[in-house]
Structure formats: C-alpha cells, structure tokens
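# Tertiary structure, described
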Amino acid sequence: MRTMPEWKCAAMAALVVLGAAAETWTFRAPRAWSRAKGAATLTARADGALELRHTGDQDWSIHGIDGIRVRPGDVFRLSCESEALPDMPNSQPYTLSAILRDEKGKEMSWVYGTCAARPGQPIVSEFMVPPGGARIEPRVVGAGKTGVLLRNLKVESLGNRLPKNGETPSSLEAESEALKVVVAGTDATLTVTDKRTGRVWAPVTTRSTFVTETSRSGRALCVKFVNPETLGTWEALIAPVPGKPEVLVTVTGEDNQTGMLDYPAPFATKTGDRLIIPMNEGISFPVEQTDGVPGRLVTYSGHGLCMAFFGVQEDTTGAGYMGIVETADDAAVVCKRPESGKTLSAGVSWEPQKNVFGYARRIRFVFFDKGGYVAMCKRYRAYAKERGKLKTFAQKVQERPMVDRLLGAPNIWNWSGDKISMAKKLKEAGIDRFLWSAGGDAKQVAELAKMDGVLVSRYDVYRDIYRPEQLQKLGWKSGTNTDAWPAGAAWNSADSNDWRKAWGVKAKDGTWTYCGCMCDAVSAKFCRKHVGKELKTHPYNTRFIDVTTAAGWDVCFNPAHPMTHSDSRAYRMDLLRLLGDDFGLVVGSETGHDAAVPYCDYFEGMLSLCSYRVPDSGRNICDVWTNVPPRVAKFQVGAEFRLPLWELVYHDCLCAHWYWGDYNNKLPALWDKRDLFNVLYGTMGMYLFNEKQWAEDKGRFVRSYKITSPVARKTGYSEMLDHRILSSDRMVQRSVFADGTVVTVNFGDKAFALPEGGELAPGAHLVKVGR
C-alpha cells in the first residue's frame, strides 16, 4: 500500500506551499459502472458508507465527484477505509486514482496517483499535478469479482508545492570523445548527441518529474527530482564512460520508496528507425508499426525479455543505441507511442523490490555509428562474458560429454505406448540423433539411453504443488510435489491463507482448481530428493524442468522462507545447477532467460515468440492447426520482423527450440518456413506426433531433419558472427558462423539474385560449409 511516510515530508521541505487553504471533497452522488452490463451494484448506507458488489470478470468503477480544476504543483490526498463484504469471499483488490486531463480535456492518464489494496485495508494516496495538468476526476476502480464496503471516501487539497522562488535548477552538460550529454534542469530528462553521426537523441516529453537540485560529482552529473504521481524523491547520476560511446545512469530512491519509476525518459524516434527487442529469440518493429507491438516486457522472465536490453537502429545506416539493464531483477522495458500518430519508443521502468525501491538501479546506454542489431548483440555478448553468463558448449562438454549429443538433435515429443519401437523407426528412417523428451518406464529409459546419439529426458516441474483437497476434487490418487504442501508454498502476503496459485486444472464439474506455487527457496531441496530417487531406477541422461526459466522471478512473504526477486533468481539457478553439476545431466527448461545460460543446455520455447503463439498453446499441445491465425503468420514466422538476437549472443552456449505447443509440425502450412528459420539460425526442430501422424508424414519429418540437422550439428560449437538482411523486403537473409559456415534463405515468393552471383529460388536455402 502506498502512503505518505515521514521521509517524504522531509524531502518536500525544499518545496514551498503556495495557494489557498486546503479543501475537501466527498462522493456526494456516487454511481457505479461496469463493463459487463448489470454486474455492478452500489448501495449507499445510512451512515454514508458505500457497498460495492461486482460479479463480473471485467473492470468496474465508482464515480461521485465532478471534475476538480487544478494547476501544476497542486497536491491532493485520496483516502478511504474499507471492509470486505462477507457474502463476497476472495474479492479482488480495489484502487483509488484519478483521471488526469489537460486544459483541452484530453486524457493524460486514466489512473493517475493509483494506489491499490484488498478489501479490509485502507488506502491513502498522495500525488502532485504534473505540468500540463488542468483537471482531475477522482474515482474508485477495480476488476473482477469484488465485494467491498468503503467508508470516509474523500479527496483533500494539500496546497501547491513548487520550487523555491519559482526558479528552475540549471541544466548540466558533460562530454566524451563521441558523445555530448545534457540533463535538463526542468524534468531531469537526458539528451545525448552522437558527435560521430550528428544524431541528437532527444527525450520523449513526459512531464513526469520536477527537478529540485542539480550538481556535479567528478565526471558524473547529479540530479534530484520528485515523481509527482507518487511524491517519491529520487537521485540520478549520469556518467559518460571514458573512452567509450556509453553513458551509465544510476538511480537511487529513499529507503521506503514505493511504486514504479520510469526513468530516464525514452529517447524519441523518427521514421526509418527500428525497435530491437530480445523477446525470446528476437523481434524488431519499424517505429511506425501500429499492431502487434508488446507493451510492458519485464526483464526477469522468459515471457518478457530473455536478455536485458533493448535498442533502436536506423535501418539505412545501422546507427543507433541500446540500453543494457544492468539491474534486471526488478525492471521492465516499455514500448509505446508517446501520443497518437507518433512513432514508437522504448524505455526502462524500475519496479519496487518487494514493495520498496531498495537497491540502486543501473542502465547503460551504448551508442553506435554503425552495425545496428548485430553490434548491439556483440556488445551484449561482451557484457554477458564480463558478468559470467557466457559459458560455451566447448566448456560444458568438458564437464558433461553427453552435452555433445544435443547438437543437431531434434526434440521429439511422442507418447506412443511402444517407445522403443518408435525410437527404432526414427533411426531406421535416417533420424540418427534425437532428444527423446517423453520419458518411459525404467526398462524403456535404460534401452533408449543405450542408443547411440540419443538423449532421453522427461518432463518435470518444481513450481506446482498439488494440494490434498485439490486431488480429492479432481478424483486423482496422486499429483506433483504433494510433499511440499503446505510448508513449501509461496505466500503473497503475511497471511498464510494468501498462498500463491500456480497451474490450474479443470474439474469434472467444470470449475477450476489450482495448485499451490512452490517457493523457489525450497525447490532445489525437493528437486534433489525426487530426481535422486528416480535416477536409481531410471537412467535418464537429460532432464526438462518446466516453468523455471519461463515464469518471472517470484517474491515470498512466508516467514519460513522469505524471498525477493533476486533471491528467487539465485534459488532457481541453484536448482538447474544441481541437475548438471551434481547429477551430470543435460539440462533443459522452458522458454528461457540468459541468467540460466551457465546451467542450462537447451530451452524449449526460445524460438517461439511468446506473444504470437496459437491460443492455449500450453494446454492443447497435441492439436494440429490447419487454419493459420493471422497474428501467428505475421509475427511468429514473419521474416520482416524476426531477428536471431539470441543466436548472435548465445548460439555456441545453448540450443534454442520451438515450444511444445508451437513446434515445426503444429501448423502444417508453416512447416517449411519454420525449417528455414531453423537452418538460418543453426537450430534444431521440434516434432510432436503420435504413431498415426508419423506414418502419414514420415517423409516430411525426415526431410525436415535433413534440412536442419547438418547445419545445427556443424555450427553447434561456433558463435554466430553476423546476420544480414539482403533484400529490401527483408525476405532474403544470411547468417555467418565462426567456423566459416554461411547460410542464406529466401522466405519470399520470388527468386533473388545473390550478391556473389547466382539465384536463390523462393522458399529455398543455400549452405556454404566452412572449415
């Protein structure tokens, strides 16, 4: 809950209060709205309290105060007390905020000064009107099923707080050989001029901060500022890096600071620029793009950014910049348009650590005069090496020789009863090396493990805990990790009943029941116990751990094992480490995050951009889609958008696979295109099938293997040195590997004249083998 602690009052002492005496407003004519018609009921009690019952799953709001005229610097307090309604258990949180509008009535924010709480908890939210603000409309909002009683709901004016004498602190400048950096004394925004190219990277106008002080500390520029939406005070040090075209920004907040901070403001873009986003394998967007662009991507989840950077390049020159988020455990990158009709921009957003800002945050801006996304990836590779995240296959195979079998091996998911017979059929068809992921009984696993070139694995997970009452409801005799309940469950708060939900299962009566979420602090203990016991009878040489590198780092408020995001990351890496170091296994996990590169050998889902998979791809994994959703065709296999950012950094460290709900043969119409991506990236395919599908498409499976396996095997130990867009429509692309292998593919529907001579037919590929 965000309130106004004493330190904020002290920080605001440098600001002077101007204007009239305080005023107070109450909700005199309250009314409720719901997106689901008839779902909201609002009852005004005789004592003035309001009872809100919302039965729908969408958003709702309570209005009751006409718009209040305001001016920049005005400070307001929104507050209320609440009780949970006993007839509405498991209610969702409610939120106090205000719609903020400019002088023309245009919305500047729909939820300004937002502060949320669960029914039964009070809310106090204080905020300052930013530059441009002219009107606020306080309201209560929420989403989902909610029952809450609200008392003493009011808005108070706390006067106007502006810098002393109305003066604006002076702007600051610093220069290096390549860059000129200016920090504005008005709003703390950064402007960077690249002296090599003449490009001025000016900030998007956000009007989101008030500067209270500027100063210098050696080479660093120092600025103190207030975030008007939270009244939080911050200090930033902006330091050009000697001898490099780089700027390091460090942000600190008061110890008790809460809420998010978007700083520095994003740099504005222009037509012809392109956003570079390492979401999973990698994607890019022209800044004019109007659809398909993800909004907020956290840097601590495989379903966000798998490498903690973002960038912008000029398509014509390759000049641009990247931001490396050096403190990535509590951060996100936000892609958005500052205004309708403007081009896209991207910037960092700092999140609180377990409800407080906590430690200092750092982002490193690197500017390029050429090279574009390839140069960005090579700079990030150097950064990863400095941080100890770059562990190559050449290093891994020295410790675990079985890792060599992974290179060039497709990932096979097949639940046929006679697993040995199916494995032999694969061998007989010419698929001589593969990763068998679907496990088997002790005898089957032993025989599979003896096959030359075969890795044998099984599904495992250390996040879901099946609870006794859940198993009873489902009619099941057993479930995963039951021995971890309740002591090993993660809590969302200090309330033991507020345990975190994980995987949901639909019961026979049509209702959903949820697993408890295991706290990462105890996951390695249960992994060691379960895997150690099974390996005594089932000689697996590989293990796939679901979720661990897909879900975001967690927090836990269970006093037996409290945890921050940073703790969560460390605990998960320990779980993956023990599988390789202690058990000697080849290790895989879901989707992927580069924190796990030293501990994992393959990621299932890295190739499959998470935002563009078919609906419910994680549940209906066996369903084959004959109709291709437009979003999948446009972005998932869209050569004009995709980029091999992961391969340019980590190709010789870890194998990227498709997702088990988005594999090569999932959408037959896209199979050829997926094969082209595999051969271009030097990665292997994934196939999920039953015996009938194998019999019907045997030739197609074999052809896919023969297209992709030789290149993946040949380049497995080699860095991807370069990736080039050869055609103006981006349909013809080329990859260059450190062993000299060069792969060129044509995703288009017309032949292309190669620069070195010859022609590449539509849908074709060309491999020039290196040494």
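Model, not experiment: these values are computed from the prediction. (Residues numbered from 1 in each chain as written. Predicted model: local features only at pLDDT ≥ 70, side-chain atom pairs only at ≥ 80, totals over all residues. Heavy atoms only, no water.)

### Topic: the overall build of the chain
Cut-off, in case you're wondering: Note on conventions: DSSP H or I runs of at least 4 residues are helices, E runs of at least 2 residues are strands, and numbering of each starts at the N terminus. Both definitions apply: the radius of gyration is a C-alpha atom measure, and the globule rule equals 2.2 Å times residues to the power 0.38. Categorising residues by exposure relies on relative accessible area from a 1.4 Å probe, with only protein chains included: less than 20% of the type maximum marks a residue as buried, more than 50% marks it as exposed, and the intermediate range marks it as partly exposed. In what follows, residue pairs with any heavy atoms lying within 4.5 Å of each other are defined as contacts. Computed with a 1.4 Å probe, the accessible areas rest on the Shrake-Rupley method; for each residue, only the protein chains presented here act as cover. Residues scored as charged are limited to Lys and Arg (positive) and Asp and Glu (negative), so that His and the chain ends carry no count. By convention, the charge on Lys lies at NZ, on Arg at CZ, on Asp at CG and on Glu at CD.
In terms of regular secondary structure, the chain is built from 12 helices and 47 strands. Taken over C-alpha atoms, the radius of gyration comes to 28 Å for the chain, in line with the 28 Å a tight globule of 771 residues would show. Over its C-alpha atoms, taken along the principal directions, the chain stretches across nearly 85 × 70 × 45 Å. Within the chain, the proportion of its 771 residues that are buried is 58%. When contacts within the chain are restricted to residue pairs at least 6 apart in sequence, those whose partners lie at least 24 apart make up 68%. Accessible area for the chain stands at about 30500 Å²; split by element, carbon and sulfur atoms hold 50% of it. When the 98 basic and 88 acidic side-chain charges of the chain are each reduced to a single mean position, those positions are 2 Å apart.

### What to know about the pairing of strand β4 (residues 40-44)
Note the following rule: Pairing between strands is defined by DSSP: at least two bridges between the two strands are required.
In this structure, β4 lies alongside strand β5 (residues 50-54), joined through five bridges in antiparallel fashion. Paired with Ala 44 across the two strands is Leu 50, which belongs to β5. The antiparallel pairing of β4 with β5 creates a hairpin that spans five residues between the two strands, and Gly 48 there sits at a positive phi of about 90°.

### Points about the sheet that holds strand β37 (residues 542-546)
We count it as follows: The angle between two axes is taken between their N-to-C directions and runs from 0 to 180 degrees, where each axis is a line fitted to C-alpha atoms and a helix contributes only its stretch in contact.
With parallel pairing, the five strands of this open sheet are ordered in space as β33-β37-β38-β39-β40. With partners counted over all chains shown, the strands left at the sheet margins are β33 (459-461) and β40 (655-657), one partner each. Direction aside, neighbouring strands of the sheet carry axes that sit 25° apart on average. Looking at chain direction, strand β39 (residues 602-604) and β40 are connected through three bridges and run parallel. Its bridge partner being in β40, Tyr 602 is matched across the sheet by Cys 655.

### Thoughts on the pairing of strand β26 (residues 320-325)
Burial analysis of β26 places six of its six residues in the buried class, which makes it a mostly covered element. Across the two faces of β26 the burial is the same, with Gly 320, Met 322 and Ile 324 and Tyr 321, Gly 323 and Val 325 all buried. Taken together, the five bridges between strand β25 (residues 309-314) and β26 define a ladder with antiparallel strand orientation. Paired with Phe 309 across the bridge in β26 is Ile 324. Count of turn residues in the β25/β26 antiparallel hairpin: five residues, of which Gly 318 carries a positive phi of about 80°. Pairing of β26 with strand β29 (residues 361-368) involves six bridges; the strand directions are antiparallel. Paired with Met 322 across the strands is Val 366, a residue of β29.

### Here we look at the environment of Val 356
Along the polypeptide, Val 356 turns up in the loop between β28 (345-350) and β29. Along the primary structure Val 356 and Glu 23 are separated by 333 residues, whereas in three dimensions their C-alpha atoms are 31 Å apart.

### Some words on the nonpolar core
Nonpolar side chains in soluble globular proteins tend to be buried together. How we decide: Side-chain atoms within 4.5 Å link the members of a nonpolar core, which is a set of buried Ala, Val, Leu, Ile, Met, Phe, Trp, Tyr and Cys residues.
The biggest cluster of nonpolar side chains holds 169 residues, and the ones touching the most others in it are Ile 238, Tyr 263, Tyr 380, Trp 646 and Tyr 650. Counting residues in hydrophobic clusters, the runner-up holds 27 residues, among them Cys 80, Tyr 94, Ile 123 and Leu 150.

### Brief notes about the pattern of salt bridges
Rules: Throughout this description, the term salt bridge denotes a Lys or Arg side-chain nitrogen within 4 Å of a carboxyl oxygen of Asp or Glu.
Applying the stated criterion to the full structure yields 61 salt bridges. Arg 713 is the salt-bridge partner of Asp 404, the closest N and O atoms lying 2.8 Å from each other. Note that Asp 404 is positioned in the loop between α3 (393-399) and β30 (411-413) and Arg 713 in helix α12 (residues 691-715), a separation of 309 residues in sequence. Here Asp 404 falls in the partly exposed class, since its relative accessible area comes to 22%. Using a relative accessible area of 29% as the deciding quantity, one classes Arg 713 as partly exposed.

### Some points on unusual backbone geometry
Here the bond from Tyr 263 into Pro 264 is cis, since omega is 0°, no more than 30 degrees from zero. Mapped onto the elements of the fold, Pro 264 is located in the loop between β21 (246-253) and β22 (273-277). With an omega dihedral of 0°, the bond running from Trp 485 to Pro 486 counts as a cis peptide bond. Structurally, the position occupied by Pro 486 is in the loop between α6 (468-474) and β35 (501-506). The backbone of Thr 591 sits at a positive phi, close to 60°, despite the residue not being glycine. Mapped onto the elements, Thr 591 comes out in the loop between β38 (586-590) and β39. With relative accessibility at 0%, the residue Thr 591 sits in the buried group.

These figures come from the coordinates and say nothing about function on their own.
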